[in-house]
Amino acid sequence: RKAKEAIELVGLEGSENKYPADLSGGMQQRVALARAIVVKPSILLLDEPLSALDAKVRHKMQEELKRIHNELKINFILVTHDQEEALRLSDQIIVMSKGKIEQIGSPRNIYEHPNNSWVANFIGQANFIDVTYLGNEKIKIGKQTFHYPITNKELEMSMVRNSDFKLMVRPEDVEICDIEDAFLEARVTNILYKGTLYEVKCLTRDKTEITLHTNQHLKVNDKIGIKWNFKTASPILRKKRDK
């Protein structure tokens, strides 16, 4: 009865009389899950369970893992190097580097408010813009001055006039605009078509590389203006590993 329940839970009905070696890679992963689930563990440990699967099967299995997790109501501990997988499946993420915990938080918190540039780069793509704090919630980017409310308390307590920090902006938050309305002017250096959008790399006048996602058709060497909503930009304190 328990075996039948586990087989049904992982969606292997009809394959009861087959050996795992006779099944596809995705179905073999389901067998491994069923074997672990059938003993009713209080915690299920998953070490890179989907790494050997192709992209389409992996996404399907991610959906299945989420469904099984919701049905079983037990703790899953998933080890993965796939950042997208961690964001899609987790309620809580622990980001580690060389055995050291860099940050603990929800997927949204980790993605939108990384502790440092290493975490920002590891979880998704990130742009880093050098900013100078002028005091009174004013910052300087290049030669322009902007109003920027400091919501990061650690940052606010450490800021002194003319001190520097980094502003992290995700590629999907960078907007193309007229140069006269731009925060920065940039030159397009590379364009990668990704089906639903273009991934565009460009260089600002001070040689800062910016990556953005857009539906606009651009050409290499085009000059564009870029800006972003400061509410989506996360301030990052300069730390030794960020320099």
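Residues numbered from 1 in each chain as written. Predicted model: local features only at pLDDT ≥ 70, side-chain atom pairs only at ≥ 80, totals over all residues. Heavy atoms only, no water.

Student: Break down the overall build of the protein for me, citing the residues and quoting the values.
Tutor: Of the regular secondary structure elements, the protein holds seven helices and 14 strands. Computed over C-alpha atoms, the radius of gyration of the protein comes to 23 Å, more than 25% over the 18 Å expected from 2.2 N^0.38 for 243 residues, which places it beyond the range of a compact globule. Principal-axis analysis of the C-alpha atoms gives the protein an extent of 70 × 45 × 25 Å. Within the protein, residue pairs in contact and separated by at least 24 positions form 59% of the contacts whose partners lie at least 6 positions apart. Looking at the protein as shown, the accessible area adds up to about 14800 Å², and 50% of this sits on carbon and sulfur atoms. Computing the positive centroid from 38 side-chain charges and the negative centroid from 34, the protein places the two 3 Å apart. (Helix = DSSP H or I, 4+ residues; strand = E, 2+ residues; numbered from the N terminus. Rg over C-alpha atoms; globule rule 2.2 N^0.38 Å. Contact = heavy atoms within 4.5 Å. Areas by Shrake-Rupley, 256 points an atom, 1.4 Å probe, with all protein chains shown as cover. Lys, Arg positive; Asp, Glu negative; His and termini not counted. Charge placed at Lys NZ, Arg CZ, Asp CG, Glu CD.)

Student: Describe the pattern of salt bridges, with residues and values.
Tutor: A complete count under the given rule lists nine salt bridges for this structure. Residues Glu-5 and Arg-1 are paired through a salt bridge, measuring 3.0 Å at the closest nitrogen-oxygen approach. For Arg-1, a relative accessible area of 70% gives the class exposed. Here Arg-58 ties to Asp-82 by a salt bridge, and the two come within 3.6 Å at their closest N and O atoms. Of this pair, Arg-58 sits in helix α3 (residues 55-72) while Asp-82 sits in the loop between β2 (75-79) and α4 (83-89), and the two are 24 residues apart along the sequence. Given the relative accessible area of 24%, Asp-82 is considered partly exposed. (Salt bridge = Lys/Arg side-chain N within 4 Å of Asp/Glu carboxyl O. Buried < 20%, exposed > 50% of the residue type's maximum accessible area, 1.4 Å probe, protein only.)

Student: Go over the sheet that holds strand β9 (residues 175-177), please, and point to the residues and values.
Tutor: Pairing is antiparallel across the open sheet formed by five strands, whose spatial order is β9-β13-β10-β11-β12. Each end of this open sheet is capped by a strand with a single partner; those strands are β9 and β12 (209-214). This sheet shows a mean twist of 50 degrees between the axes of neighbouring strands, independent of strand direction. The pairing of strand β11 (residues 198-204) with β12 spans six bridges and is classified as antiparallel. The partner of Cys-202 across the bridge, within β12, is Ile-210. (Pairing = 2+ DSSP bridges. Axes fitted to C-alpha atoms, helices over the stretch in contact; angles between N-to-C directions.)

Student: Give a description of the packing of aromatic side chains that names residues and reports values.
Tutor: One pass over the structure, following the stated rule, counts seven aromatic pairs. Considering the side-chain rings of Trp-118 and Phe-122, the 5.1 Å spacing of their centres and the 5 degrees angle between planes classify their relative orientation as stacked. A residue pair is termed a helical-turn pair when its members lie 3 or 4 positions apart in one helix, as Trp-118 and Phe-122 do in helix α6 (residues 117-122) at four residues. Trp-118 sits in the partly exposed class, given a relative accessible area of 24%. On the accessibility criterion, Phe-122 (25% relative accessible area) is partly exposed. (Phe/Tyr/Trp six-rings, centres within 6.5 Å; stacked < 30°, edge-to-face > 60°.)

Student: Tell me about the nonpolar core, residues and numbers included.
Tutor: Grouped together as the largest cluster of nonpolar side chains are 26 residues, with contacts concentrated most on Ile-129, Ile-139, Ile-141, Leu-167, Ile-224, Trp-228 and Phe-230. The set of elements that each furnish at least two residues to this core consists of β5 (127-135), β6 (138-141), β8 (163-169), β10 (184-193), β11, β12 and β13 (223-227). One finds Leu-9, Ile-37, Met-61 and Phe-76 within the second-largest nonpolar core, a separate group that totals 19 residues. (Core = buried A, V, L, I, M, F, W, Y, C linked by side-chain atoms within 4.5 Å.)

Student: Which residues make up the environment of Tyr-193, and what values go with them?
Tutor: Looking at the element boundaries, Tyr-193 is found in strand β10. The exposure class assigned to Tyr-193 is exposed, which follows from its relative accessible area of 56%. Linking Tyr-193 and His-213, residues 20 residues apart in sequence, is a C-alpha distance of 9.9 Å.

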